[in-house]
Amino acid sequence: MASERDDARRLEALALYDIMDTDPEPEFDDIVLLASEICDTPVSLVSLVATDRQWFKARIGFEPCQTPIEQSVCAHSLTSTDLLIITDLTADERTRDNRLVTHEPHIRFYAGAPLVMPDGVAVGTLCVIDTVARPQGLTVKQQKSLTALARQVVVLLEMRRISNRKDDLFRRQKRISSEVRAIAASSIAAQEAGGIGTFDIDIDSGIIKLSAEACRIFRLPVKDEYPTDMIYDIVISDDRELPSTLSSRISGEAPQEVEYRIRTPHEGVRRIARRASFILDPEGKAVRMVGTIQDVTEQRRAEARMAALVQLGDSLRDVDDVPQTAFRAAEILAGALGATRAGFGIVNRMDETVMMQPDWRAPGVSTLEGLHRFRDYGSFIDDLARGETVLIGDVTQDLRTRDNAQRLLDMGIRVLVNVPIFDKGRFTLVVFAHYDEPHAWTVAEVDFVRSVGDRLQAAIARLSAEMEQDILNRELSHRLKNTLSVVQAIASQTLKGVTDRVPVEAFEKRLQTLSSAHDILIHQNWTGATMEDIVRETLDRIGMPDRLDIIGRGVMLGPKATQNAMLLMHELATNALKYGALSSEAGRVAVEWSVTHHQAQPEDEVSDVADAEFAFVWREIGGPEVIAPERRGFGSRLIRMGMLGTGGVDIRYPSSGIVVTMRASLPDLQQAG
């Protein structure tokens with residue numbers, strides 16, 4: 001259990017987040033839903049541990065919103081940063097007497113990931129619970145997912161704290177702006193505490209008075225007065241007109257709230273938020289412009305990083321090759337960090353080389369794509385190989401790069417970060433970002449680079465697996481086709497002496513139809529095929545796609561149903577070609593399918609409704625007059641077996657043309673088996 005000192009720190013953290021007894025929030029509810037789904041448990045909780053109770057910010061599958069501290073299993077996980085997994089709560093001495101174990105709801109299995117704040121304090125857990133023991137615990141994938149979701153809970157708590165602090169700072173800015181002259185002494189203390197500076201511009205003289213904090217924000221020596229033009233000279237050229245101009249100050253039309261960028265000598269570009277108001281003389285003329293400034297660089301960078309991770313997840317799902325994946329991730333990485341170049345390289349540890357993938361570059365910056373030797377640029381390969389992130393603030397000063405600094409400078413690299421990515425203990429990938437001017441790195445930025453690298457590695461692994469699966473599918477397809485060819489050759493040789501060639505040819509065509517069905521499944525990675533593809537493939541093979549009318553939307557069939565449907569379409573098309581509508585020049589075939597429900601759900605929900613029924617109609621028109629056959633051959637018997645081989649077929653023989661209606665359960669048709 002946690003010590004008294006740990007308890008005190010935890011309670012202080014909970015008070016700082018102001019989270020206890022707050023209303024449910026969808027962001028936290030989504031996380032417990034995901035945790036329950038991933039770990040396949042009926043219960044998942046975001047549990048925050050207070051003095052005498054544990055309170056659940058989000059819960060699924062558990063009715064109470066809190067329990068006494070004596071019933072808290074989560075409290076046992078607060079002393080470690082690792083997952084706590086108890087496979088049988090009745091067998092663990094810490095929990096076997098717990099009332100939640102001995103009485104309703106009789107919980108038996110528990111896994112909890114501690115919610116560890118940035119300062120190392122654990123305030124609770126994200127846990128999953130089952131009512132049956134699980135000797136096998138959680139899989140490695142489930143453990144990693146639960147830990148990752150716990151980190152997201154921490155991010156949400158931190159965002160809540162930052163948002164609360166931002167609101168406080170905003171209110172403080174407004175108060176300081178309106179009372180700056182009357183309470184100067186107290187406002188200075190508030191500025192330093194909140195990182196907010198004040199300014200006062202005398203419009204006629206062009207002199208600006210800055211508070212000490214404002215001087216620090218502008219990276220200027222602390223001094224009472226500066227020429228206004230000197231301050232505006234450090235604003236980057238593209239933003240020069242944003243804060244104000246002499247004419248907009250004189251007219252009093254300068255914007256009251258604005259953000260702009262300044263260039264600092266040692267930290268590069270910084271983003272400044274400015275709020276201002278005008279003081280007017282008795283005639284209504286603007287004589288002074290006063291207000292507050294704040295460095296919001298880190299806040300904007302954090303927002304950009306969060307948006308970038310969301311964008312990255314969406315983008316990596318849409319790419320299908322490694323170079324494209326690397327370039328897209330590099331582009332998002334550089335955009336979030338404001339870097340001049342960013343990218344990824346595949347590492348050969350034995351040769352100490354790296355094959356740089358297509359990198360993102362700012363205008364005028366050259367590419368690094370191609371093979372490079374790490375030692376040509378310094379000795380930091382030794383740090384990377386040990387799994388250490390390499391941060392170099394100035395290549396001309398760092399011991400690892402200063403002897404090779406000119407080569408790096410010639411490539412536009414003054415500041416760099418390299419993050420090694422390991423796969424099964426092997427150094428396989430390096431993620432990098434470069435700046436051509438000074439940049440002050442933060443821990444959050446380095447963590448962001450590593451997160452992007454991890455996601456890229458997962459995407460590359462997925463692409464590799466898909467390529468391997470495609471090769472395997474093609475090899476299986478090739479072997480199956482060879483097998484079908486052998487079967488066809490054996491059949492042809494065996495049936496050579498059969499004088500009636502009609503059944504022999506029908507057998508061969510059915511084999512060909514099975515081969516075509518197999519081709520469709522291979523192209524769909526054995527997930528099945530759409531009904532439209534099946535119908536069109538059949539009519540294309542007999543050379544009459546222009547005599548086909550199709551009415552139906554894209555219903556997907558499973559692999560087994562796809563093969564059955566191909567054989568049925570072959571028999572129907574063959575009969576139409578020999579005896580039916582397609583034997584006549586004016587004849588046509590109309591194919592229609594639809595999905596109905598016993599409870600009348602919207603059509604958009606077809607794939608999720610267990611009672612959906614699939615109806616298929618084959619209708620021939622314009623052919624010779626139809627007469628019902630006196631006997632049934634194999635083809636007719638096959639048709640009467642229907643889509644699932646269990647019937648559900650109605651065949652009518654009106655004089656205008658045969659009409660075949662087949663019905664089957666859509667979920668059964670869509671099964672993988």
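Description of the structure in this document. (Residues numbered from 1 in each chain as written. Predicted model: local features only at pLDDT ≥ 70, side-chain atom pairs only at ≥ 80, totals over all residues. Heavy atoms only, no water.)

1. What to know about the sheet that holds strand E9 (residues 225-227)
Point 1. Overall, antiparallel pairing links the six strands, which are arranged E9-E8-E7-E12-E11-E10 in an open sheet. Each having just a single partner strand, E9 and strand E10 (257-264) make up the two edges of the open sheet. When the angles between neighbouring strand axes are averaged without regard to direction, this sheet yields 30°.
Point 2. As defined by bridge partners, E10 adjoins strand E11 (residues 268-280) across eight bridges and the pair is classed as antiparallel. Its bridge partner lying in E11, Tyr260 is registered against Ile272. (Pairing = 2+ DSSP bridges. Helix = DSSP H or I, 4+ residues; strand = E, 2+ residues; numbered from the N terminus. Axes fitted to C-alpha atoms, helices over the stretch in contact; angles between N-to-C directions.)

2. Focus: the pattern of salt bridges
Point 1. Considering all chains together, one arrives at 33 salt bridges under this definition.
Point 2. With its nearest N and O atoms 3.5 Å apart, the salt bridge here joins Glu303 to Arg300. Placement of the pair is Glu303 and Arg300 together in helix H9 (residues 297-316), with a separation of three residues, close to one helical turn.
Point 3. Residue classification places Glu303 among the partly exposed residues on the basis of a relative accessible area of 38%.
Point 4. Within this structure, Asp383, Arg386, Glu388, Asp398 and Arg400 form a network of salt bridges that share partners. (Salt bridge = Lys/Arg side-chain N within 4 Å of Asp/Glu carboxyl O. Buried < 20%, exposed > 50% of the residue type's maximum accessible area, 1.4 Å probe, protein only.)

3. Side note on the packing of aromatic side chains
Point 1. In total, this model carries three aromatic pairs according to the counting rule given.
Point 2. When the centroid spacing of 6.5 Å and the interplanar angle of 35° are considered together, the rings of Phe374 and Phe427 count as tilted. Of this pair, Phe374 sits in the loop between strand E16 (370-373) and helix H11 (381-385) while Phe427 sits in strand E19 (residues 426-435); the two residues are 53 residues apart in sequence, bridging distant segments of the chain.
Point 3. Taken together, Phe374, Phe422 and Phe427 form an aromatic cluster joined through their ring pairs.
Point 4. Looking at Arg134, its charged tip hangs above the ring of Phe109, at a distance of 5.2 Å from the centre.
Point 5. Across the ring face of Tyr226, the terminal group of Lys223 is positioned such that the distance to the ring centre comes to 4.5 Å. (Phe/Tyr/Trp six-rings, centres within 6.5 Å; stacked < 30°, edge-to-face > 60°. Lys NZ or Arg CZ within 6 Å of the ring centre and 35° of its normal.)

It is worth stressing that arrangement in space is one thing and function is another; only the former is reported here.
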